[in-house]
Amino acid sequence: ASPLSRAVETASLMYPGREIVCIEELREWCGQLVNSKRRTASQLKERFPFVDVSQLPENDERWDAEVLEEEASVARRGVAALQWLVKRPEDTIAVVCHGGLLAVTFDPDDHGGHSCVEAPNPCTKRFSNC
């Protein structure tokens, strides 16, 4: 799951009793927006004691109040998350993250034309919740 509290909370509601692992690569675009800043790993663990935060740095080292993360950086994180996922031993994994990250990772033509991702079925329009 993304380490942002809203994603962790969603994962815990959708998959109660299941292992939830937070990785930095699944977070939303980072910077400028306060809602893209995450809690410290200790605060996340205190609020969600059942969540594995061992792969997170203690502090949010990515967030910058002045600079929004570049699109290519977001896409590289999305690809890194996919690479992390394929190395997991589970046969079935649910990913709880954010639409901005997914759109940039899987739809490069409509998001800056970056070439760091080759998706066999790119999204044709932005998906939404509900």
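Residues numbered from 1 in each chain as written. Predicted model: local features only at pLDDT ≥ 70, side-chain atom pairs only at ≥ 80, totals over all residues. Heavy atoms only, no water.

Things to note about the packing of aromatic side chains
For any pair of aromatic rings, the description rests on two quantities: the centre-to-centre distance and the angle between the ring planes.
Inference 1: Going through the model one piece at a time under the given rule, you end up with one aromatic pair.
Inference 2: Consider the rings of Phe48 and Phe50, whose centres lie 6.2 Å apart with planes at 75°: the pair is edge-to-face.
Inference 3: Residue Phe48 is classed as buried on the basis of its relative accessible area, which comes to 6%. (Phe/Tyr/Trp six-rings, centres within 6.5 Å; stacked < 30°, edge-to-face > 60°. Buried < 20%, exposed > 50% of the residue type's maximum accessible area, 1.4 Å probe, protein only.)

A look at unusual backbone geometry
Inference 1: Within the chain, Gln32 stands out as a residue other than glycine whose phi angle is a positive 60°.
Inference 2: Topologically, Gln32 is positioned in the loop between strand S1 (20-21) and helix H2 (41-47). (Helix = DSSP H or I, 4+ residues; strand = E, 2+ residues; numbered from the N terminus.)

Some words on the environment of Ser12
Inference 1: Within the fold, Ser12 resides in helix H1 (residues 5-14).
Inference 2: As a C-alpha pair, Ser12 and Ala1 span 11 residues in sequence and 9.7 Å in three-dimensional space.
Inference 3: With residues near it in sequence (within four places) discarded, Ser12 still touches Ile20 and Phe50.
Inference 4: At 2.8 Å, the side chain of Ser12 and the backbone oxygen of Glu9 are in polar contact. (Contact = heavy atoms within 4.5 Å. Polar contact = N/O pair within 3.5 Å; in protein donor to acceptor, adjacent residues only side chain to side chain.)

Some points on H1
Inference 1: Every buried residue belonging to H1 is among Ser5, Ala7, Val8, Ala11 and Ser12, and all of these are buried. Summarising the axial view, the buried residues of H1 lie within an arc of 165°, below the 170-degree limit, and thus occupy one face. Exposed and facing more than 90 degrees away from the buried side of H1 are Leu13 and Met14.
Inference 2: Looking at the buried residues of H1, the elements they touch are S1, H2 and strand S2 (51-52). (Arc of directions from axis to C-beta.)

Some points on the side chain of His98
Inference 1: Within the fold, His98 resides in the loop between helix H3 (71-86) and helix H4 (99-106).
Inference 2: At 2.8 Å, the side chain of His98 forms a polar contact with the side chain of Ser2.
Inference 3: If we ignore the near neighbours within four places in the chain, the residues touching His98 are Ser2, Leu4, Arg6, Ala7, Leu26, Arg27 and Glu28.

Concerning the nonpolar core
Inference 1: One finds Val51, Val53 and Leu56 to be the most contacted residues of the largest nonpolar core, which totals 13 residues.
Inference 2: Among the elements of the structure, H1 and H2 are those that each provide at least two residues to this core.
Inference 3: For this core, the element with the highest residue contribution is H1, accounting for three residues.
Inference 4: Among all residues touching Val53, those that are not within four sequence positions of it are Ala41, Leu44 and Lys45.
Inference 5: The next biggest cluster of nonpolar side chains, apart from the first, holds nine residues, and it includes Val21, Leu26, Ala75 and Ala81. (Core = buried A, V, L, I, M, F, W, Y, C linked by side-chain atoms within 4.5 Å.)

Note that every value here comes from positions in space, so none of it alone points to a role or purpose.
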